[in-house]
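# Results of the structural survey
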Number of protein chains: 2
Amino acid sequence: MRAPIVTARLADLATPCLLLDRAKLARNIEIMAAAVRRHGVALRPHMKTAKSAAVARLATAGQAGGIAVSTLAEAEYFAREGFRDILYAVGIVPAKLDRAAALRRAGVNLILVTDDPATAETISGHARATGAEHRVLVEVDCGEHRGGVEPESDAVLAVGRALGPLCAGVMTHAGHSYNCRSIAEVEDVAEAERQAAVTAAERLRGIGLATPIVSVGSTPTALHARRLADVTETRPGVYMFQDLFQVQIGSGALGNMAVTVLASVIHRRPAENRVVIDAGGMALSKDRSTASAPRDYGFGLVLDARGRQSLGDAIVERANQEHGVVTAPTPLPFDRLEVGALVRVAPNHVCMTAAAYDRYHIVDGEDDAVSDVWHRVNGW
Amino acid sequence: MRAPIVTARLADLATPCLLLDRAKLARNIEIMAAAVRRHGVALRPHMKTAKSAAVARLATAGQAGGIAVSTLAEAEYFAREGFRDILYAVGIVPAKLDRAAALRRAGVNLILVTDDPATAETISGHARATGAEHRVLVEVDCGEHRGGVEPESDAVLAVGRALGPLCAGVMTHAGHSYNCRSIAEVEDVAEAERQAAVTAAERLRGIGLATPIVSVGSTPTALHARRLADVTETRPGVYMFQDLFQVQIGSGALGNMAVTVLASVIHRRPAENRVVIDAGGMALSKDRSTASAPRDYGFGLVLDARGRQSLGDAIVERANQEHGVVTAPTPLPFDRLEVGALVRVAPNHVCMTAAAYDRYHIVDGEDDAVSDVWHRVNGW
């Protein structure tokens, strides 16, 4: 690893901006790698959170090399960055098949997903018409009831038949693991996720289709699955960064949150025990996922400039477009909160927060130096 | 006005993407211009919503030419686009003064705001040290209790004295007008906004300071103010586009919403009367402002591809990262909602939704043609 080159101090950055703690990122990646290693399945990191090639290289080190993405813009970006095994894990629509075929022609094994027999027919027709050797997973519902066919349904077989030789296996996602409030609940959801995928795969094999990929995963279920027998890979994503919501559902610890927003105090209201920072809804997102968690952090937990929880339990209580109103149950240290003072905000839901930024400023623990800048891709 | 050049059809666009209806935009701009004209004050459109030079040129046509912005990135973008009178309407911090001075050197009359005596001293020192002839408004609180000093307080005079010859007047913002639920309430808030600004300006004049600018405004108060005597300008922003929240607080009509998100159906769940679209939290934002409005539209109202409300009262009930779950109180027309079918989503809070995109695709009413692409600026 090359020695870090100091490019700036925190005070040189224009606020609001995104900080990424390299050591915490590395630790989170190792924790998940170890959790998945127990099961002998592949870890296919979902890059929907980080959207960064530098992060993807760390997350795939020692792994099979595949990644998952949530947009075609991500797929195209990671392809440019040299990634060759990419699962686009959101249901494909016919209008996007030409972009998918272009990636395949560029040498990327881009794997698509669908749960719709008519779309599966269209993909097969597109493959015949263009010569694109699409590879497609049948999306299975394991209880979230968002996308996917029921594993025991005729629809699984209908989608598989329509894909025929393009069928590459099955995919499911236990997004409802985010509703769990205990590890035991997560373990049960993980087992239901596994069973749904394995059941659907076996039924497809029963009609003669190849299913080399049996893909499951979310951060909670990948961490806590009791067993992943007959599964081939898992696709967690937010584990790399962690956030206040994941901490509360048992997927991480407060001290492991790798991404924070650096902000400046812009108003002081001592009589109301408030300050206002220049990180509002645009900088933090309007995600309120901790509203339904055991502890409500408003729009984020406010830390000091070094990332320490030295401001009591200060949170961003209100978020207007460019204004975040910070309150705390105990007196705020106004002597350290002059206009222009720097603070950091740990986000509720880091996937949403990070999307407001095109880069990460890399920091190391409580050090004041910014050692690198890593770019990220947004949009579609 | 040049004839529109058809660059695409809706079906050629990659979803999700942002559509802007040119005729509705023009109508909204005219409605606000007429409302402000009654008072004989300047309309300084706040570009925090649109963040687009093409929109700003329409909104400033026939006006004094000034605009307001919410970030220095906006100020720099509009300066490059030729705008020369720009109010940066968020409290300045010392670290941002060098960028402000650079804009001033580039010939932009960039007006800053502060409510902090120490920051006012720092600005004066920066002006002396660098030769930057900063112009600064004293930010006044008119009841929102976010930023600003009380109009009757000693602090108004302290900030003014610290600014001395840099003082250019006062600014206030009745953000709490968004909490009003009747026009009469908005009228009262508008009058309180006016009085706060005028009171502070008179007190500053009393100590010999010039206050050529007395700036107020939000979309509700600019539309509904009974009088704006002694005010010099108003700064509404979201009126250009309208959204579901503004409609509910009496600032617009459903049919005037100019911005929608074009999305594709990616899953069909007829048994549950649901479809899933490829516009989730990233594409719509997680803003839930209509949750506290008379009518809760979830994450947005779902229209057909031409922008007509022909899908009943379909809304995006749930928004995951790239998935929006659409439900309706009456049966959805599944024959028109195949996978790949296009719909539009009218947003709760268009400032937040638009921030996910770097461009607008310009459409005209129910026409299928996309006649232009207008860029927007994001970030800080």
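It should be emphasised that the depicted structure is a prediction, and the values quoted were computed from it without experimental measurement. Per chain, residue numbering runs from 1 following the sequence as it is written. Lettering of chains starts at A and numbering of ligands starts at 1, both following the order in which they are written. Where totals are concerned, whole chains, interfaces and linings use all residues; where local detail is concerned, this predicted model gives features only for residues with pLDDT of at least 70, and gives and counts side-chain atom pairs only at 80 or more. Only hydrogens and water are set aside when side-chain values are computed; all heavy atoms of the structure are taken into account.

### Section: the overall build of chain A
A run of H or I in DSSP counts as a helix once it spans at least four residues, and a run of E counts as a strand once it spans at least two, with each numbered from the N terminus. A count of helical and extended segments in chain A gives 11 helices and 18 strands. With the principal axes as the frame, chain A shows a C-alpha extent of 70 × 40 × 35 Å. For the exposure calls, accessible area comes from a 1.4 Å probe over protein chains only, and a residue counts as buried if that area is under 20% of its type's maximum, exposed if over 50%, partly exposed in between. Sorting the 380 residues of chain A into buried and exposed places 64% on the buried side. For this analysis, residues touch if any pair of their heavy atoms sits within 4.5 Å. Contacts in chain A between residues at least 24 apart in sequence constitute 68% of all its contacts with a sequence separation of at least 6. Surface exposure here means Shrake-Rupley accessible area, sampled with a 1.4 Å probe, where a residue is shielded only by the protein chains that are shown. When the accessible area of chain A is evaluated, it comes to approximately 12,800 Å², of which 52% is carbon and sulfur surface. If the 41 positive side-chain charges of chain A are averaged to one point and the 43 negative ones to another, these points end up 3 Å apart. Under this rule, positive means Lys or Arg and negative means Asp or Glu; His and the chain ends count for nothing. The atoms used to mark charge sites are NZ of Lys, CZ of Arg, CG of Asp and CD of Glu.

### Examining the sheet that holds strand 3 (residues 42–43) of chain B
All names here are of chain B. Ordered in space as 3-10-9-8-7-6-5-4, the eight strands form an open sheet in which the pairing is parallel. Strands at the two margins of the open sheet, each flanked by one partner only, are strand 3 and strand 4 (67–69). For two strands to pair, DSSP has to find at least two bridges joining them. Two strands pair when backbone bridges link them, and strand 4 and strand 5 (residues 85–88) are joined in this way by three bridges, in the parallel orientation. Opposite Val69, over in strand 5, you have Tyr88 as the bridge partner. Sheet contacts for helix 4 (residues 97–105): strand 6 (109–114) and strand 7 (135–140); angle to strand 6, the most-contacted strand, approximately 150°. Only the stretch in contact is used when a helix axis is fitted, and all axes are lines through C-alpha atoms; the angle between N-to-C directions ranges over 0 to 180 degrees.

### Quick look at the side chain of His126 of chain B
Residue and element names in this part refer to chain B. Relative to the helices and strands, His126 is located in helix 5 (residues 117–130). By relative accessible area, His126 is classed as buried at 13%. Excluding anything up to four places from it in sequence, His126 contacts Leu97, Asp98, Ala101, Gly131 and His134.

### A few points about the interface of chain B and chain A
Each partner contributes residues to the interface: chain B has 54 residues there, and chain A has 54 residues. Summed over both partners, the accessible area (1.4 Å probe) lost when two parts come together is defined as the buried area. Summed over both sides, the interface of chain B with chain A buries roughly 4,300 Å², with 56% coming from carbon and sulfur. The largest contributions to the chain B side of the interface with chain A come from Arg146, Gln321 and Trp380 of chain B, which together make up 19% of the buried area. Salt bridges are identified by distance alone: a Lys or Arg side-chain nitrogen within 4 Å of an Asp or Glu carboxyl oxygen. Viewed at the interface, chain A and chain B are joined by eight salt bridges.

### Overview of the side chain of His361 of chain A
All names here are of chain A. Relative to the elements of secondary structure, His361 occurs in strand 17 (residues 359–363). Assessed through its relative accessible area of 10%, His361 is described here as buried. Beyond its immediate stretch of four places on either side in the chain, His361 contacts Leu13, Cys17, Leu18, Leu19, Leu20, Val370, Asp372 and Val373.

### Points about the packing of helix 6 (residues 154–163) of chain A against helix 7 (residues 183–206) of chain A
All names here are of chain A. One can describe the packing of helix 6 onto helix 7 by two numbers: an axis separation of 10 Å at closest approach and a directional angle of 55°. Regarding the angle of helix 6 to helix 7, the classification is oblique. Crossing angle aside, the handedness with which helix 6 passes helix 7 is right-handed. Where helix 6 approaches helix 7, its residues Asp154, Val156, Leu157 and Gly160 are matched on the opposing element by Ala200, Arg203 and Leu204. Each residue gets one of three labels, nonpolar for Ala, Val, Leu, Ile, Met, Phe, Trp, Tyr, Cys and Pro, charged for Asp, Glu, Lys and Arg, and polar for the others, Gly among them. A breakdown of the residues in the contact of helix 6 with helix 7 according to their chemical character gives four nonpolar, one polar and two charged. The labels follow the angle: roughly parallel below 35 degrees, roughly antiparallel above 145, roughly perpendicular from 65 to 115, and oblique for the rest. Note: crossing handedness is left-handed where the near helix turns anticlockwise from the far helix by less than a right angle, and right-handed where it turns clockwise.

### A few points about the relation of the copies chain B and chain A
The copies were overlaid with a least-squares fit restricted to C-alpha atoms from residues scoring a pLDDT of at least 70 in each copy. Turning chain B through 180° and shifting it by 0.0 Å along the axis lays it on chain A, with an RMSD of 0.0 Å. Taken together, the rotation angle and the small translation identify this as a two-fold axis. Relative to the rotation axis, the C-alpha of Lys286 of chain B is the closest in chain B, positioned 2.5 Å from it. Looking at the interface residues of chain B, 100% of them are also at the interface in chain A, so both copies use one shared face.

### Concerning the environment of Ser177 of chain A
By secondary structure assignment, the location of Ser177 of chain A is in the loop between strand 8 (167–172) and helix 7. Other than its neighbours up to four places away in sequence, Ser177 of chain A contacts Val186, Val189, Ser218, Pro220, Thr221 and Ile249 of chain A.

### Here's the deal with the pattern of salt bridges
One pass over the structure, following the stated rule, counts 46 salt bridges over all chains. A salt bridge links Arg226 of chain A to Asp188 of chain A, with the shortest nitrogen-to-oxygen separation between them at 2.8 Å. Of the two residues, Arg226 of chain A sits in the loop between helix 8 (219–224) and strand 10 (233–234) while Asp188 of chain A sits in helix 7, which places them 38 residues apart along the sequence. With a relative accessible area of 47%, Asp188 of chain A lands in the partly exposed category. Between Lys286 of chain B and Asp287 of chain A there is a salt bridge; the shortest N-O distance is 3.7 Å. Linking Lys286 of chain B in the loop between helix 10 (281–284) and strand 13 (301–304) with Asp287 of chain A in the loop between helix 10 (281–284) and strand 13 (301–304), this pair reaches from one chain into another. By relative accessible area, Lys286 of chain B is classed as buried at 15%.

### Some words on the packing of aromatic side chains
Residue and element names in this part refer to chain A. Stacked, tilted and edge-to-face are the three classes applied to pairs of Phe, Tyr and Trp rings, where Trp contributes its six-membered ring and a pair requires centres within 6.5 Å; stacked means planes under 30 degrees apart, edge-to-face means over 60, and tilted covers the rest. By the definition in use, this model includes 10 aromatic pairs over all chains. Ring plane angle 90° and centroid distance 5.5 Å describe the contact between Phe78 and Phe83, whose orientation is recorded as edge-to-face. Residues Phe78 and Phe83 agree in their burial class; the two are buried. Through pairs of rings, three or more aromatic residues link up here, namely Tyr77, Phe78 and Phe83. One Lys or Arg, Arg288, reaches over the ring of Phe299 and ends 5.4 Å from the middle of that ring. By definition here, charges over rings are those cases where NZ of Lys or CZ of Arg is within 6 Å of the ring centre and within 35 degrees of the ring normal.

### Description of the sheet that holds strand 7 (residues 135–140) of chain A
In sheet architecture, strand pairing relies on hydrogen bonds along the backbone and comes in two forms, parallel and antiparallel. Residue and element names in this part refer to chain A. In spatial order, the strands read 3-10-9-8-7-6-5-4; together these eight strands make up an open sheet with parallel pairing. With one partner strand each, in any of the chains shown, strand 3 (42–43) and strand 4 (67–69) form the two edges of the open sheet. On the sheet, helix 6 packs against strand 6 (109–114), strand 7 and strand 8 and is oriented at approximately 175° with respect to strand 7. Its contacts with the sheet place helix 7 against strand 7, strand 8 and strand 9 (213–216), and it is angled at close to 160° to strand 8.

### Things to note about helix 3 (residues 72–80) of chain A
All names here are of chain A. Of all nine residues in helix 3, seven are buried; the element is thus mostly enclosed. Each element contacted by the buried residues of helix 3 is listed here: helix 2 (53–60), strand 4, strand 5 (85–88), helix 4 (97–105), strand 6 and strand 18 (369–375). At the exit of helix 3 stands Gly82, carrying a positive phi of roughly 100°.

### A few points about the pairing of strand 7 of chain B
Residues and elements named next belong to chain B. Most of strand 7 sits out of view: five of its six residues are buried. Relative to strand 7, strand 6 runs parallel, the two being bridged by four bridges. When the bridges of strand 7 are listed, Ile111 appears paired with Arg135. By convention, orient the strands away from the viewer: a clockwise path from the first strand over the helix to the second makes the crossover right-handed. This β-α-β element, strand 6 to helix 5 to strand 7, shows right-handed connectivity.

### Examining the nonpolar core
Leu20, Phe78, Leu110, Met240, Phe241 and Tyr360 of chain A are the most contacted members of the largest nonpolar core, which totals 112 residues. For this core, the element with the most residues is helix 7 of chain A, which contributes nine residues. Those residues in contact with Met240 of chain A that lie beyond four places of it in its chain are Leu25, Asn28, Ile29, Pro45, His46, Met47, Ala50, Val55, Ala59 and Ala258 of chain A. Definition of nonpolar core: a set of buried residues of the types Ala, Val, Leu, Ile, Met, Phe, Trp, Tyr and Cys, connected through side-chain atoms within 4.5 Å. Judged by nonpolar contacts, the second largest core, of 109 residues, contains Ile92, Val238, Val302 and Val350 of chain B.

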